[in-house]
Amino acid sequence: MSEWVEWHRGYVPGSPLSLRLEVVQRLIREALDRCAPGPIRVISLCAGDGRDLLGVLDTHPRAADVDAMLVELDPELAERARSRAAQMSATIEVVTGDASSTSIYAGAVPADIVLACGIFGNVTDDDIHNTVAHLPSLCGPNATVIWTRGTFAPDLTPTIRGWFVSAGFTELAFVAIPGTTAAVGAHRLVSRPHVFKPGLQLFTFLAGTSRPSQRPG
């Protein structure tokens, strides 16, 4: 069992991961509700077993409009997502690959919804800033980005929220979940999307942060 698979075992009722998932899924539902009629493009970076998005599409009335790419490096988790996605009416591609390079998103952008969950607690501050700065190149007009990061000390979430604003986003929501260090943000792109550039490195995971006890992001 990989460390990533082991980490997913933390999704038990009442756990910080499950509470965070509830917020992420609520924000995804709201983002889908805001989308104009027609196809909805979604990309998920480091998607794990895909439960963030797939758990919403099970019941959302816009599910049939969704054209999604889920990117996950761990082959077992990617296969779990692929198996679940195959049971849905939405067009969902699950890619077993490196979510940190923009090249992998060629053909799937610009997206209406971008999910960057479980990343920002596992990379350097500079890499978070770099990722946020390049997110407009993955987005279409008025796209929503949903992200997570723990509020553990030193709490970087106020700075991250500022980086989103500087990158051309406006904040839709920021939820610090009581009794935990889990937090979820949602931002909408209000500036002009950037030109997509393949081959850009967004982030590099820090050594050791994939262990279940150390992956609060």
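Preceding this paragraph is the structure being described.
Residues numbered from 1 in each chain as written. Predicted model: local features only at pLDDT ≥ 70, side-chain atom pairs only at ≥ 80, totals over all residues. Heavy atoms only, no water.

Visitor: I would appreciate a short explanation of the overall build of the protein in the present structure.
Guide: Within the protein one finds six helices and seven strands. Along the protein, helices and strands appear, N-terminal first, in the series α-α-β-α-β-α-β-β-α-β-α-β-β. For a compact globule of 217 residues, the expected C-alpha radius of gyration is about 17 Å, and the protein comes in at 16 Å, within 12% of that figure. Reported as C-alpha extents along the three principal axes, the dimensions of the protein are approximately 40 × 40 × 35 Å. A burial count over the protein gives 53% of its 217 residues as buried. (Helix = DSSP H or I, 4+ residues; strand = E, 2+ residues; numbered from the N terminus. Rg over C-alpha atoms; globule rule 2.2 N^0.38 Å. Buried < 20%, exposed > 50% of the residue type's maximum accessible area, 1.4 Å probe, protein only.)

Visitor: In this structure, what is going on with the side chain of T144? I would like to understand it.
Guide: Here T144 is to be found in strand β5 (residues 139-148). Of the residues examined, T144 reaches a relative accessible area of 3% and is grouped as buried. A distance of 3.1 Å separates a polar atom in the side chain of T144 from a polar atom in the side chain of R34. Those residues within four positions of T144 in sequence are excluded, and the remaining contacts are A31, R34, D112, I113, V114, L172, H187 and R188. (Polar contact = N/O pair within 3.5 Å; in protein donor to acceptor, adjacent residues only side chain to side chain. Contact = heavy atoms within 4.5 Å.)

Visitor: When you look at the pattern of salt bridges in this model, what are you seeing that I'm missing?
Guide: Two side chains bearing opposite charge may form a pair once their charged atoms approach each other closely. Counted under the stated rule, the structure contains seven salt bridges. For R84, the salt bridge is made with D58, and the minimal N-O distance between the two is 2.8 Å. Pair noted here: R84 is in helix α4 (residues 75-85) and D58 is in the loop between α3 (51-57) and β2 (66-72), with a separation of 26 residues, a long-range link. Since its relative accessible area comes to 46%, D58 is described here as partly exposed. Measuring nitrogen to oxygen at the nearest pair gives 2.5 Å for the salt bridge that ties R62 to D65. (Salt bridge = Lys/Arg side-chain N within 4 Å of Asp/Glu carboxyl O.)

Visitor: Just checking my understanding: could you explain the nonpolar core for this structure?
Guide: The tendency in soluble globular proteins is for nonpolar side chains to be buried side by side. Counting residues in each nonpolar core, the largest one holds 34 residues, and the members touching the most others are L57, L70, I92 and I146. Elements with a minimum of two residues in this core: α2 (16-34), β1 (40-45), α3, β2, α4, β3 (91-96), β4 (111-116) and β7 (183-189). Examining the composition of this core, we find that six residues originate from one element, α2, more than from any other. The next biggest cluster of nonpolar side chains, apart from the first, holds 33 residues, and it includes F120, V132, F169 and L189. (Core = buried A, V, L, I, M, F, W, Y, C linked by side-chain atoms within 4.5 Å.)

Visitor: When you look at the packing of aromatic side chains in this model, what are you seeing that I'm missing?
Guide: In this structure the tally under the stated criterion is five aromatic pairs. Taking 5.3 Å as the distance between ring centres and 80° as the angle between the ring planes, the aromatic pair formed by F164 and F169 counts as edge-to-face. Taken individually, F164 and F169 each receive the classification buried, so the pair is uniform in this respect. Ring geometry for F203 versus F205: centroids 5.6 Å apart, planes at 65°, classification edge-to-face. Its relative accessible area of 2% is what places F203 among the buried residues. (Phe/Tyr/Trp six-rings, centres within 6.5 Å; stacked < 30°, edge-to-face > 60°.)

Visitor: Looking at this model, I keep getting lost on the sheet that holds β1. Mind explaining?
Guide: Within a sheet, each strand pairs with its neighbour through backbone hydrogen bonds, oriented either parallel or antiparallel. Taking strand neighbours across the sheet as the criterion, the seven strands line up as β3-β2-β1-β4-β5-β7-β6 in an open arrangement whose pairing is mixed. Edge positions in the open sheet fall to β3 and β6 (169-176), since each of these has one partner strand only. Taken over all neighbouring pairs, the strand axes of this sheet differ in orientation by 15° on average, direction set aside. Where β6 and β7 come together, seven bridges link them in antiparallel fashion. Bridged to A176 within β7 is A183. (Pairing = 2+ DSSP bridges. Axes fitted to C-alpha atoms, helices over the stretch in contact; angles between N-to-C directions.)

Visitor: Can you walk me through the environment of A85 in this structure?
Guide: Note on placement: A85 falls in helix α4. In the structure, A85 is positioned 17 residues away from A68 in sequence and 10.0 Å away in space, judged by C-alpha atoms. Discounting residues that sit within four places of it in the chain, A85 has contacts with L54, I92 and V94.

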